[in-house]
Amino acid sequence: MSTVVLVGAQWGDEGKGKITDFLAEKADYVVRYQGGSNAGHTVVVGDDKFMLHLIPSGILYPGTVSVIGNGVALDPEILLDEMEGLRQRGIDISNLRISSRAHVVMPYHKLFDELQENGDFKIGTTKRGIGPLYTDKVSRTGFRVTDLLDKKIFPETLKRIVEEKNNILDRIYGKPGLVFEDLLDKYQNFGEQLRPMVVDTSLLVNQAIDAGKKVLLEGAQGTLLDIDHGTYPFVTSSHPTAGGACVGAGVGPSKINRVVGVVKAYSTRVGEGPFPTELADETGEMLRRNGDEYGTTTGRPRRCGWLDAVILKYAARINGLTDLAITKLDVLDSLEKIKICVAYRYRDSVLYDFPDSLEVLRECEPVYLEMDGWMQNMEGIRDIKDLPPKAQEYVNKMVELCGVETCLLAVGPGRLQTIVTREVFQ
Ligand code: IMP
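Everything quoted here is computed from the prediction, not taken from an experiment.

### Remarks on the site of the ligand
The environment of the ligand is made up of 16 residues, and the closest members are Asp-13, Asn-38, Thr-126, Thr-236 and Arg-300. Contacts to the ligand include Asn-38, whose side-chain N or O atom sits 2.9 Å from an oxygen atom. One nitrogen or oxygen atom from the side chain of Arg-300 is found 3.0 Å from an oxygen atom belonging to the ligand. Within the complex, the protein chains bury 96% of what would otherwise be the 470 Å² of accessible surface of the ligand. For the shell around the ligand, a count of residues per class yields 7 nonpolar, 7 polar and 2 charged. Inspection of the shell around the ligand shows a minimum of three residues originating in each of domain 1 (2–92 + 200–420) and domain 2 (103–196).

### Looking at the pairing of strand β5 (residues 65–68)
Because side chains alternate across β5, one face comprises the buried residues Val-65 and Val-67, and the other comprises Ser-66 and Ile-68, equally buried. Bridge count between strand β2 (residues 29–32) and β5: 4 bridges; the pairing is parallel. What sits directly across from Arg-32, in β5, is Ile-68. Judged from the 3 bridges that link them, β5 and strand β7 (residues 96–99) form a sheet pairing that is parallel. The partner of Val-67 across the bridge, within β7, is Arg-97.

### Let's talk about unusual backbone geometry
Along the chain, Tyr-232 connects to Pro-233 via a cis peptide bond; the corresponding omega equals 5°. Positionally, Pro-233 belongs in the loop between β10 (214–218) and α9 (242–249). A positive phi is found at Lys-127, a non-glycine position, where the angle reads about 60°. Here Lys-127 lies in the loop between α3 (107–117) and α4 (130–138). By relative accessible area, Lys-127 is classed as partly exposed at 32%. The backbone phi angle of Arg-347 is positive, close to 50°, even though this residue is not glycine.

### A word on the domain arrangement of the protein chain
For the protein chain, the domain assignment lists domain 1 (2–92 + 200–420) and domain 2 (103–196). On the side of domain 2, 22 residues touch domain 1, which itself brings 28 residues to the contact. The contact between domain 1 and domain 2 buries some 2,000 Å² in all, and 60% of this surface belongs to carbon and sulfur atoms. Looking only at domain 1, the three residues that lose the most surface to domain 2 are Pro-76, Glu-77 and Leu-80, adding up to 24% of its buried area. Run the count over domain 1 and domain 2 and you get 2 salt bridges. At the boundary of domain 1 with domain 2, the tally comes to 9 residue pairs in polar contact (both at pLDDT 80 or more).

### Notes on the packing of aromatic side chains
With the rule as written, the count across this model stands at 8 aromatic pairs. Ring geometry for Tyr-187 against Phe-190: centres 5.0 Å apart, planes inclined by 85°, an arrangement best described as edge-to-face. Separated by 3 residues within a single helix, Tyr-187 and Phe-190 lie in helix α7 (residues 180–194), roughly one turn from each other. You can call Tyr-187 buried: its relative accessible area is 0%. Seen from the ring of Phe-50, Arg-89 lies directly overhead, with NZ or CZ sitting 4.0 Å from the centre. Its end group placed over the ring of Phe-180, Lys-159 keeps NZ or CZ at 4.8 Å from the ring centre.

### A closer look at the pattern of salt bridges
Applying the stated criterion to the full structure yields 32 salt bridges. The salt bridge involving Arg-362 is made with Glu-359; its shortest N-O contact spans 3.4 Å. With Arg-362 and Glu-359 both in helix α12 (residues 358–363), this residue pair falls 3 residues apart, about one helical turn. A network of salt bridges, in which partner residues are shared, links Asp-13, Lys-264, Glu-293, Arg-302 and Lys-328.

### Overview of the nonpolar core
Counting residues in each nonpolar core, the largest one holds 56 residues, and the members touching the most others are Val-5, Leu-217, Ile-326, Leu-329, Leu-332 and Tyr-394. In terms of residue count, helix α13 (residues 389–402) provides more of this core than any other element does, 5 residues in total. Those residues within four positions of Leu-217 in sequence are excluded, and the remaining contacts are Thr-3, Val-4, Val-5, Leu-6, Val-31, Tyr-33, Ala-245, Ala-249 and Ile-256. In this structure, Val-43, Ile-93, Met-106 and Phe-154 belong to the second largest nonpolar core, which totals 42 residues.

### Observations regarding the side chain of Gln-221
Here Gln-221 shows up in the loop between β10 and α9. Of the polar contacts made by the side chain of Gln-221, one reaches the side chain of Asn-38; its length is 3.1 Å. If near-sequence neighbours (up to four positions away) are discounted, Gln-221 is found in contact with Gly-8, Gly-12, Glu-14, Lys-16, Gln-34, Gly-35, Asn-38, Ala-39, Thr-236, Ser-238 and Pro-240.

### Topic: the side chain of Thr-231
The topology assignment puts Thr-231 in the loop between β10 and α9. Among the polar contacts listed, one links the side chain of Thr-231 to the side chain of Trp-11, at a separation of 3.5 Å. Separated by 3.1 Å, the side chains of Thr-231 and Arg-269 make a polar contact. In contact with Thr-231, not counting residues within four places along its chain, are Trp-11, Leu-224, Arg-269, Phe-354, Leu-358 and Leu-361.

### Details of the sheet that holds strand β20 (residues 418–420)
Pairing is mixed in the open sheet, where 10 strands are placed in the order β9-β7-β5-β2-β10-β1-β11-β15-β19-β20. Every other strand in the sheet has two partners, leaving β9 (198–199) and β20 as the edge strands with one partner each. Pairing of strand β11 (residues 258–264) with strand β15 (residues 323–327) involves 5 bridges; the strand directions are parallel. Each bridged residue has a counterpart across the sheet, and for Val-263 the counterpart in β15 is Ile-326. Across the sheet, α9 lies against β1 (2–8), β2, β10 and β11, angled at about 120° from β1, the strand it touches most.

About the criteria used
- Residue indices begin from 1 for each chain and proceed along its sequence in written order.
- This being a predicted model, a pLDDT of at least 70 is required before a residue's local features are given, and a value of 80 or more before pairs of side-chain atoms are given or counted; all residues contribute to the totals for chains, interfaces and linings.
- Where side-chain values are given, they derive from all heavy atoms of the structure, hydrogens and water being excluded.
- Near, as used in this document, describes a residue that has one of its heavy atoms within 4 Å of the molecule or strand being considered.
- Polar contact is the term for a pair of N or O atoms within 3.5 Å; when the atoms are in protein, one must be able to donate a hydrogen and the other to accept it, and sequence-neighboring residues count only if both atoms are side-chain atoms.
- Using a 1.4 Å probe, the Shrake-Rupley method yields the accessible areas, and only the shown protein chains count as cover for residues.
- Residues are grouped as follows: Ala, Val, Leu, Ile, Met, Phe, Trp, Tyr, Cys and Pro are nonpolar; Asp, Glu, Lys and Arg are charged; every other residue, Gly included, is polar.
- Where each domain starts and ends follows an automatic or database-derived domain assignment.
- Exposure categories follow from relative accessible area, calculated using a 1.4 Å probe and restricted to protein chains: below 20% of the type maximum is buried, above 50% is exposed, and the middle band is partly exposed.
- Secondary structure follows DSSP: runs of H or I at least 4 residues long count as helices, runs of E at least 2 residues long count as strands, and numbering of each begins at the N terminus.
- Here, a strand pair is defined by DSSP locating no fewer than two bridges between the strands.
- In what follows, a contact means two residues having at least one pair of non-hydrogen atoms within 4.5 Å.
- Joining two parts hides part of their accessible area as seen by a 1.4 Å probe, and the buried area is that hidden amount summed over both.
- By definition, a salt bridge exists where a carboxyl oxygen of Asp or Glu is found within 4 Å of a side-chain nitrogen of Lys or Arg.
- Only the six-membered ring of Trp is used, alongside the rings of Phe and Tyr, when aromatic pairs are assigned; centres must lie within 6.5 Å, and planes under 30 degrees apart are stacked while those over 60 apart are edge-to-face, with the rest tilted.
- A ring is considered to have a charge above it if a Lys NZ or an Arg CZ atom is located within 6 Å of its centre and within 35 degrees of its normal.
- Grouping buried Ala, Val, Leu, Ile, Met, Phe, Trp, Tyr and Cys residues that are joined through side-chain atoms within 4.5 Å yields what is termed a nonpolar core.
- Geometry is summarised by axes, namely lines fitted to C-alpha atoms with helices restricted to the contacting stretch, and by angles between N-to-C directions that run from 0 to 180 degrees.

Laid out in structure tokens, this is it:
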């Protein structure tokens with residue numbers, strides 16, 4: 001049995017798509033467990049670049065079963081588009097399975113996301129309807145895929161919910177309402193297109209685990225965007241952390257063998273919220289340029305800064321990380337000096353643990369450790385013994401600061417630009 005959870009250890013965009021793609025070659029199943037089309041995974045295969053939002057990166061390997069788990073916010077319109085895009089590029093998608101329990105993103109979720117973001121208080125969301133979708137899920141006014149496929153339940157419930165939503169649109173926002181009949185037709189049609197792939201994915205995945213298959217549970221976003229453990233309220237509305245994998249895939253914690261934290265060799269963040277190591281200078285610009293730090297989903301420039309080991313240590317604790325997959329080391333290739341934040345200075349004290357209060361975090365000044373850069377192009381390196389000594393020192397320092405060993409080091413976006421330091425699947 002080999003069940004591995006893969007999580008982002010920062011604010012998302014750590015390069016999880018590349019690492020998932022790399023591990024997917026060995027995996028029998030790749031399962032998305034939370035988030036929705038707010039995520040964007042870029043996978044580079046040879047000269048081809050694939051941008052995936054909802055479909056797990058495992059889809060690019062014909063033998064791997066790709067699963068959209070119950071915890072995912074499933075936008076059928078975007079999913080069907082993504083499926084068509086892959087088909088047109090010759091990718092076999094017959095191994096895609098969709099949870100009957102996943103909640104369905106409806107047009108009013110996207111509308112409310114947009115309207116809320118247009119107000120005075122902004123989270124900086126992707127406007128993909130994620131917050132409103134999970135709000136409805138928790139307030140028990142959502143639709144699961146199984147409800148969408150039910151010829152009786154879906155029309156009945158949709159009628160009531162559209163009336164409720166139209167009331168809010170009219171009274172709070174002064175906007176025209178949605179037409180029930182149009183939504184019904186459109187979404188029943190989407191449901192019929194998805195029906196052949198819909199199964200009880202928890203059953204499917206547990207059967208695979210029991211049969212000794214290799215299963216990768218793939219998180220979207222990152223630890224600091226977790227609704228409980230992130231920089232609330234500047235977070236997403238799901239659980240990108242390892243605990244979320246159990247809930248969002250319907251797999252018990254005793255079935256998980258390893259938890260891989262994907263961490264970029266520096267930090268980035270999109271959207272609003274404090275970011276202690278943010279660099280508003282030429283180095284920040286260079287990281288954005290060399291790291292191509294623009295959102296896959298929204299195209300927004302990402303805020304860039306030095307690696308924050310306070311956050312890395314926090315991510316190691318919250319997720320119980322067993323392994324680190326460090327990405328984008330090559331982006332630091334040309335730097336003479338590299339800094340790592342090892343603590344925060346807050347008023348008269350020094351903090352070594354990530355604070356719970358955003359107001360405290362806003363006032364935190366990073367305490368940096370400065371290291372020499374390696375000043376060498378690493379994109380062709382495939383073996384750990386060829387890593388420049390200074391780069392090895394940087395990696396060792398990351399390991400020392402969070403207490404988690406590495407499994408993979410990425411030195412470029414391509415599939416082959418990955419150094420294995422220890423095997424993830426048994
Ligand atoms: P939402 O998930 O669209 O509601 O956005 C909430 C916050 O999470 C915003 O700060 C977004 O920028 C951020 N976010 C959501 N998805 C991603 C992602 O895939 N990568 C990085 N940030 C994300």
